[in-house]
Structures are given as structure tokens and as C-alpha cells.
Amino acid sequence: MAAAAGPASSVKETLPPALGSTSQPPTVFDGTTRLYICYFCPFAQRAWVTMNFKGLQDKIKLVAIDLQDKPAWYKEKVYPQGTVPSLEHNNDIRGESLDLIKYIDSNFDGPSLLPEDAEKRQFADELIGYANAFTKALYAPLMAHAEVSDEVVAALDKLEVALSKFSDGPFFLGQFSLVDIAYVTILERVQIYYSHLRNYEITKGRPNLEKFIEEMNKIDAYTQTKNDPLFLLDLAKNHLKIA
């Protein structure tokens with residue numbers, strides 16, 4: 001199982017080992033910019049993808065936290081909320097993944113991940129604002145051991161329609177943006193969970209969503225962060241207490 005815990009990628013990426021309860025903390029606020037993540041957390045993955053796409057691997061130090069054996073110092077010395085991701089930058093700590101991907105995009109060099117176009121920018125704000133509700137809608141039936149709900153179908157249909165708004169590319173705003181990052185790490189997991197645990201294919205009858213996932217899997221900044229699907233499924237089964 002341990003071997004499956006690392007991201008699956010065709011590109012060999014040297015990743016630091018995850019720090020657990022017996023690990024020593026980094027020297028916080030020493031001028032180093034650090035992104036604290038967990039390799040299998042979809043929310044932390046958002047910030048990781050953003051960092052990768054902007055080419056910031058040499059500017060931001062990746063620090064992996066073992067959430068199953070979380071070091072006490074992470075909450076005490078780094079981020080009081082104790083969640084990932086968090087970013088140590090300019091003697092401050094910031095968290096909350098949707099806020100963090102915007103912060104990384106606007107405060108570091110690299111290609112911009114939000115368009116200048118006013119209509120697209122407004123749509124980006126709407127979709128990023130909906131991401132938490134989407135996540136809740138998709139996860140709620142799984143957590144409750146319930147069947148596929150009307151809310152699940154409606155949430156997925158909403159994305160299908162959103163993906164048809166702009167015709168200049170297969171992504172939510174046409175071209176790749178923070179909106180895609182906000183959704184893809186959740187979709188990566190629910191596609192696996194619903195297929196295996198509910199016999200429900202989230203892309204069936206949703207060609208735009210199917211194309212979106214296909215195109216996302218061509219972007220190295222994302223694929224370098226992906227986990228083995230069976231590893232994610234095992235994690236979900238353990239969390240949901242499914243044999």
C-alpha cells in the first residue's frame with residue numbers, strides 16, 4: 001500500500017517524504033516559502049497543481065504532512081487550523097485551498113490562471129464560489145451510504161452546462177484556468193468512488209465533462225499530482241468503513 005501512496009506520473013519528480021508525529025519541524029519564518037500539503041488530499045492538490053503550472057517548484061518548497069500521523073507542531077507552529085494546504089510566505093501563513101490558489105496565481109511569477117476578459121472573470125468567480133457546494137453535493141451520499149441523489153445529478157449537470165459556455169477550448173473558461181484546478185481534484189476522486197461504490201459513471205451522457213477530464217489528463221502540472229486510483233478507493237473505503 002505504501003508504494004501506491006505517491007502521485008502517479010510519467011515524469012519522475014523527486015518528492016519529499018511526508019512528515020509525521022516524530023518528524024522535526026522546518027524552521028518556520030526563516031524566509032523560505034513553503035507549501036504544506038498532503039499527497040492524497042484533494043484540497044491540497046489544488047494548490048500543488050497551481051504551483052506546478054506556474055513553474056514555481058524552485059521558488060516554493062513542498063512540505064508533505066502525513067494526515068494519518070499528523071505532527072503536533074504543524075498546528076502549534078505552522079497553521080493553527082491544522083488543515084492542508086497552507087502556504088508560508090512573507091512571514092505569514094495562509095490557508096483554505098480556493099483562496100490559496102488565487103493567492104499563488106496573483107502573487108508569484110508564471111502564466112496567469114485567470115483571464116482578463118470581464119465575462120470570463122465573472123464566470124470564474126461564480127464557479128469557484130460554487131466549488132464547495134459541488135463537493136458537498138457529491139460527497140454527502142457517499143458519507144451517508146446513500147444512493148446517487150438528485151443533488152448529485154443536478155451538480156454534475158451544472159458542470160456539464162458550464163463547460164459549454166465558452167467554445168474556445170474544452171475547459172470551463174475555454175482555456176485552462178483556476179476554475180479547472182478547483183474542480184478537477186474533486187472530480188478525480190468522485191469519478192472513482194461513484195464508479196466502484198455506486199456503479200454510476202459521472203461522465204455518462206455528459207460529453208463535455210468527459211472531454212474535460214480527458215484534456216486535464218494531458219496537463220503535466222496536474223498528472224504529476226495524481227494518486228493511484230485504487231489507493232484513493234482504498235482510502236475512501238477505510239474512511240467510509242466499507243469492507
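Note that this is a predicted model, so its numbers are computed, not measured. Counting restarts for each chain, with residues numbered from 1 along the sequence as it is written. Owing to the predicted nature of the model, reporting of local features is limited to residues with pLDDT of at least 70; listing and counting of side-chain atom pairs is limited to 80 or more, with chain, interface and lining totals taken over all residues. Side-chain calculation: all heavy atoms of the structure are included, whereas hydrogens and water are not.

**As for the pattern of salt bridges**
Put simply, a salt bridge is a Lys or Arg side-chain nitrogen that is within 4 Å of an Asp or Glu carboxyl oxygen. Enumeration over the complete set of coordinates arrives at twelve salt bridges. Across the salt bridge formed by Asp157 and Arg206, the nearest N and O atoms sit 2.9 Å from each other. Note that Asp157 is positioned in helix α5 (residues 150-162) and Arg206 in the loop between α6 (178-198) and α7 (207-216), a separation of 49 residues in sequence. Partly exposed describes any residue whose relative accessible area lies between the buried limit of under 20% and the exposed limit of over 50%, with all areas from a 1.4 Å probe on protein chains only and scaled to the type maximum. Owing to a relative accessible area of 34%, Asp157 belongs among the partly exposed residues under this scheme. Taking the relative accessible area as the measure of exposure, Arg206 reaches 5% and is therefore buried. Across the pair Glu188 and Arg189 runs a salt bridge, and its minimum N-O distance is 3.8 Å. Just as Glu188 is buried, Arg189 falls in that class too. Salt bridges sharing common partners tie together Lys211, Glu214, Glu215 and Lys218. Numbered from the N terminus, helices here are DSSP runs of H or I no shorter than four residues, and strands are runs of E no shorter than two.

**Things to note about the environment of Tyr200**
Mapped onto the secondary structure, Tyr200 falls in the loop between α6 and α7. Along the primary structure Tyr200 and Ala44 are separated by 156 residues, whereas in three dimensions their C-alpha atoms are 26 Å apart. In this view, Tyr200 contacts Val148, Val153, Leu156, Tyr194, Ser195 and Arg206; residues no more than four positions away in its chain are not counted. Should any heavy atoms of two residues lie within 4.5 Å, those residues are counted as being in contact.

**Some details on the sheet that holds strand β3 (residues 86-89)**
With mixed pairing, four strands are arranged side by side in an open sheet as β2-β1-β3-β4. With partners counted over all chains shown, the strands left at the sheet margins are β2 (61-64) and β4 (92-95), one partner each. Looking at each pair of strands side by side, their axes are set apart by 20 degrees on average, direction ignored. The pairing of strand β1 (residues 34-37) with β3 spans three bridges and is antiparallel. Counted as the bridge partner of Arg34 is Glu88 from β3. In this scheme, strands are said to pair when DSSP sees at least two bridges between them. Under this scheme, a helix contributes an axis fitted over its contacting stretch, all axes are lines through C-alpha atoms, and angles between N-to-C directions fall in the 0 to 180 degree range.

**A few points about the packing of α6 against helix α9 (residues 229-240)**
As a packed pair, α6 and α9 sit with axes 10 Å apart at the nearest point and diverge in direction by 70 degrees. As summarised for this structure, α6 and α9 are arranged roughly perpendicular, according to the angle between their axes. Of α9, the residues touching α6 (which contributes Glu188, Arg189, Ile192, Tyr193, His196 and Leu197) are Pro229, Leu232, Leu233, Ala236, Lys237 and Leu240. The class makeup of the residues in the contact of α6 with α9 is eight nonpolar, one polar and three charged. Angles are sorted into four bins: roughly parallel if under 35 degrees, roughly antiparallel if over 145, roughly perpendicular if 65 to 115, and oblique for all others. Residues are grouped as follows: Ala, Val, Leu, Ile, Met, Phe, Trp, Tyr, Cys and Pro are nonpolar; Asp, Glu, Lys and Arg are charged; every other residue, Gly included, is polar.

**What about the side chain of Arg34?**
Counting through the fold element by element, Arg34 comes out in strand β1. Accessibility expressed as a relative area gives 4% for Arg34, which makes it buried. Among the polar contacts made by the side chain of Arg34, one reaches the main-chain carbonyl oxygen of Thr27 at a distance of 3.2 Å. When sequence neighbours within four positions are dropped, the list of residues in contact with Arg34 reads Pro26, Thr27, Val28, Phe29, Ile60, Lys61, Val63, Ser86, Leu87 and Glu88. Two N or O atoms count as a polar contact when they lie within 3.5 Å, although within protein this holds only if one can serve as hydrogen donor and the other as acceptor, and sequence-adjacent residues are included solely when both atoms are side-chain atoms.

**Overview of α6**
Residue pairs spaced three or four apart in an α-helix point in one direction, given the helix's 3.6 residues per turn. By definition here, a helix of n residues has an expected span of 1.5 Å times n minus one. The end-to-end C-alpha distance of α6, which contains 21 residues, comes to 29 Å, matching closely the 30 Å that a straight helix rising 1.5 Å per residue would cover. Where α6 bends most, at Val184, the angle is about 30 degrees. Counting buried positions along α6 yields 18 of 21 residues, so the element is predominantly enclosed. Backbone nitrogen of Val179 and a side-chain oxygen of the N-cap are separated by 3.2 Å at the start of α6; the cap is Ser177. Here the bend at each residue means the angle between axes fitted to two seven-residue stretches, the one ending at that residue and the one beginning there.

**Overview of the state of the cysteines**
In plain terms, two cysteine sulfur atoms within 2.5 Å form what is called a disulfide here. Applying the stated criterion to the full structure yields zero disulfides. Cys38 takes part in no disulfide bond, and the closest cysteine sulfur to it belongs to Cys41, at a distance of 5.9 Å. Accessibility expressed as a relative area gives 1% for Cys38, which makes it buried.

**A word on the pairing of β4**
Judged by which residues are buried, β4 turns out to be one-sided: Ile93 and Gly95 face inward and are buried, whereas Asp92 and Arg94, on the alternate face, are not. Here β3 pairs with β4 via four bridges, running antiparallel. The residue bridging Ser86 from the neighbouring strand is Gly95, located in β4. Counted along the chain from β3 to the antiparallel partner β4, the turn is two residues long, and its residue Asn90 has a positive phi close to 50 degrees.

Purely geometric stuff here, so don't read any function into it on its own.
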